[in-house]
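Structural description and commentary
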Amino acid sequence: MLTPLITFVLSAVLLYIPPVQRWAIDQATTYASDEFGMDIRIDRVRVSFPLDLELQGLQVIHQEETLGSMGSMVVDLDLMRILLLQIRIEGIELKDLDVETGNLIESVRINGNLKRIFLKAEQINLLDANVSLAQASIEGGDVTICLADTTAADTTESSPLPWTIGIEKVRLDRLNLSLQMPLDSLDLGLQIREGELNDGNIDLLQGIYQADDIHIKTDTIRYNAQTDTLKHAGIDFSQILLTEASLQLNNPFYNQTSNAAGASLMLTAKERCGLAIDTLSANIGLDSTKVWADDLLLKTPFTRIEAATHIGLATFRTQGTGKIDAQILGNIGNEDIRYFVANHLQEDELKALPQAPLHLNVNANGTTDLLQINQCKLSMPEIIDAHLEGSLSNVK
């Protein structure tokens, strides 16, 4: 009756002996390498009482590419769960982590360096390929996300990992993110001061990523479709730089199989030209054919605009014919109008603009070949009072 207990106690004691630690980690890395189809290497391992595991010089290699490497990792295991043949990790701390996903995630490549990651896993089930994370935090680092078309084509077949990951909470602190778009010199980036994700779920096999909500406070959000530096006085839609931004996404999701994504968005920010965004909210989404923004509301101290737009992706292609459906209603304050026309008018012309707001009501649908203007009303006292209907051809 005492044999199993004695065996367990002896095994636990042996784990504190360095040669046994080396043998155990070799067995563990061999098993993990076979399980995940990767080459996992560890330079050094140390176990201290009661069951604190420290790994140094860890590398993860997949198809001759280094997906990740780190200086050190500390794991605090729950001894009682192990006694009950369950796996629970009280804490994993990773420092100086280099990440390169390669072709592990289809159509997306992620690389960068993270200063510190902390993970707490309520349960890891190797048989069911399921991980339940109670909390995670990422502190400091730079990460670049590159879509597939910007990288060299890879004909090597790679099956997605059959794992699901549930995440209760993720916190971000001082993290810089940048995005590279396919066939474009676009510069899109965020300098995150702090952020939080709640109730996330990842299904690597089905390619589904979703969460209840994401909150992000940033130092800057940049969108630059040109190569020159920001230099215009007014707002330039090819060069946007937002500061003091607060971004909230409710129910964000991405389905890799159907190429669909969406979220309910709310943003407050200041643009470099001086434009203050009190509220920008919308239900946004895209699929393989179109991108849309429903229930869009834009409010500044002087402006209120409501809109809904659906635009076919073919609209953005040189040879494409995309469908367009748009409704816009609102008032634009004189103070905000100046930001939009400052790059096109002289100083004396700006001073001559009336103080009254511009009222607009637009309803249009059709294609880039023929756009039908069902209604277009523009009015500004002493400047314009126009009611237009008709069509526009070759809208590009």
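So, here's what we can say about the structure. The shown structure was predicted, so the numbers you read here are calculated from the model rather than taken from an experiment.

Grouped together as the largest cluster of nonpolar side chains are 35 residues, with contacts concentrated most on L114, L175, L242, L247, L249 and L267. Broken down by element, this core gets its largest block of residues, five residues, from strand β10 (residues 239-255). Contact partners of L175, with chain neighbours within four places excluded, come to L114, I138, G141, D142, V143, L190, Q191 and I192.

Take the side chain of T300 next. With respect to the helices, strands and loops of the structure, T300 is situated in the loop between β13 (290-299) and β14 (304-312). On the basis of relative accessible area, T300 is assigned to the buried category, the value being 10%. Separated by 2.4 Å, the side chains of T300 and D336 make a polar contact. Leaving out residues up to four positions away in the same chain, T300 has contacts with L275, A276, D278 and D336.

This paragraph deals with the pairing of strand β16 (residues 358-367). Pairing geometry for strand β15 (residues 323-332) and β16, over 10 bridges, is antiparallel. Its bridge partner lying in β16, I328 is registered against V362. Inspection of the sheet shows β16 paired to strand β17 (residues 370-380) by eight bridges, in the antiparallel sense. Across the sheet, residue A364 finds its bridge partner in β17, namely I373.

Before going further, it helps to examine the pattern of salt bridges. Using the criterion set out here, one finds nine salt bridges in the structure. For R272, the salt bridge is made with E271, and the minimal N-O distance between the two is 3.7 Å. Taking the relative accessible area as the measure of exposure, R272 reaches 25% and is therefore partly exposed. With relative accessibility at 4%, the residue E271 sits in the buried group. A network of salt bridges, in which partner residues are shared, links K169, R171 and E196.

Moving on, we get to the environment of D325. Relative to the helices and strands, D325 resides in strand β15. The class for D325 is partly exposed, based on a relative accessible area of 31%. Not counting the four nearest positions on each side in its chain, D325 is found in contact with A308, T309, H310, A364 and N365.

Strand direction decides the pairing type here: strand β5 (residues 108-125) and strand β6 (residues 130-147), joined by 16 bridges, are antiparallel. The residue bridging G112 from the neighbouring strand is V143, located in β6. With 14 bridges joining them, β6 and strand β7 (residues 164-180) adopt parallel strand pairing. Following the sheet pairing, A136 is matched in β7 by V170.

Of the pockets and cavities examined, the second largest pocket occupies roughly 190 Å³. Taken together, 13 residues form the lining of the second largest pocket, with H215, I216, K217, S246 and L247 sitting closest to its centre. When residues of the lining of the second largest pocket are traced back to their parent elements, those giving at least two are β8 (187-203), β9 (208-224), β10 and β11 (260-271). Residues belonging to the lining of the second largest pocket are distributed by class as follows: four nonpolar, five polar and four charged.

Rules used in this analysis
Within every chain, residues take consecutive numbers counted from 1 along the sequence as written. Given that this is a predicted model, residues contribute local features only at a pLDDT of at least 70 and side-chain atom pairs are listed and counted only at 80 or more, while totals for whole chains, interfaces and linings are drawn from all residues. Excluding hydrogens and water, the side-chain values take into account all heavy atoms of the structure. We call a set of buried residues a nonpolar core when its members are Ala, Val, Leu, Ile, Met, Phe, Trp, Tyr or Cys and they connect through side-chain atoms within 4.5 Å of each other. Partly exposed describes any residue whose relative accessible area lies between the buried limit of under 20% and the exposed limit of over 50%, with all areas from a 1.4 Å probe on protein chains only and scaled to the type maximum. Think of it this way: any DSSP run of H or I at least four residues long counts as a helix, any run of E at least two long counts as a strand, and we number them from the N terminus. Here a residue-residue contact requires only that any non-hydrogen atoms of the pair lie within 4.5 Å. Polar contacts, as counted here, are pairs of nitrogen or oxygen atoms within 3.5 Å of one another; within protein the pair requires one atom able to donate a hydrogen and one able to accept it, and residues that are adjacent in sequence qualify only if both atoms are side-chain atoms. Should DSSP find at least two bridges between two strands, the strands are taken to pair. For salt bridges, the criterion is a side-chain nitrogen of Lys or Arg within 4 Å of an Asp or Glu carboxyl oxygen. Points on a 1 Å grid over protein atoms alone make up a cavity when a 1.4 Å probe fits among them but cannot get out, and a pocket when they form an open set with protein on both sides within 12 Å along at least five of seven lines; lining residues each have an atom within 4 Å of a point. Grid points are joined across faces, edges and corners, and a volume is the space filled by probe spheres set on the points. Gly counts as polar in this scheme, as do all residues outside two lists: the nonpolar Ala, Val, Leu, Ile, Met, Phe, Trp, Tyr, Cys and Pro, and the charged Asp, Glu, Lys and Arg.

Keep in mind these values describe shape, not function.
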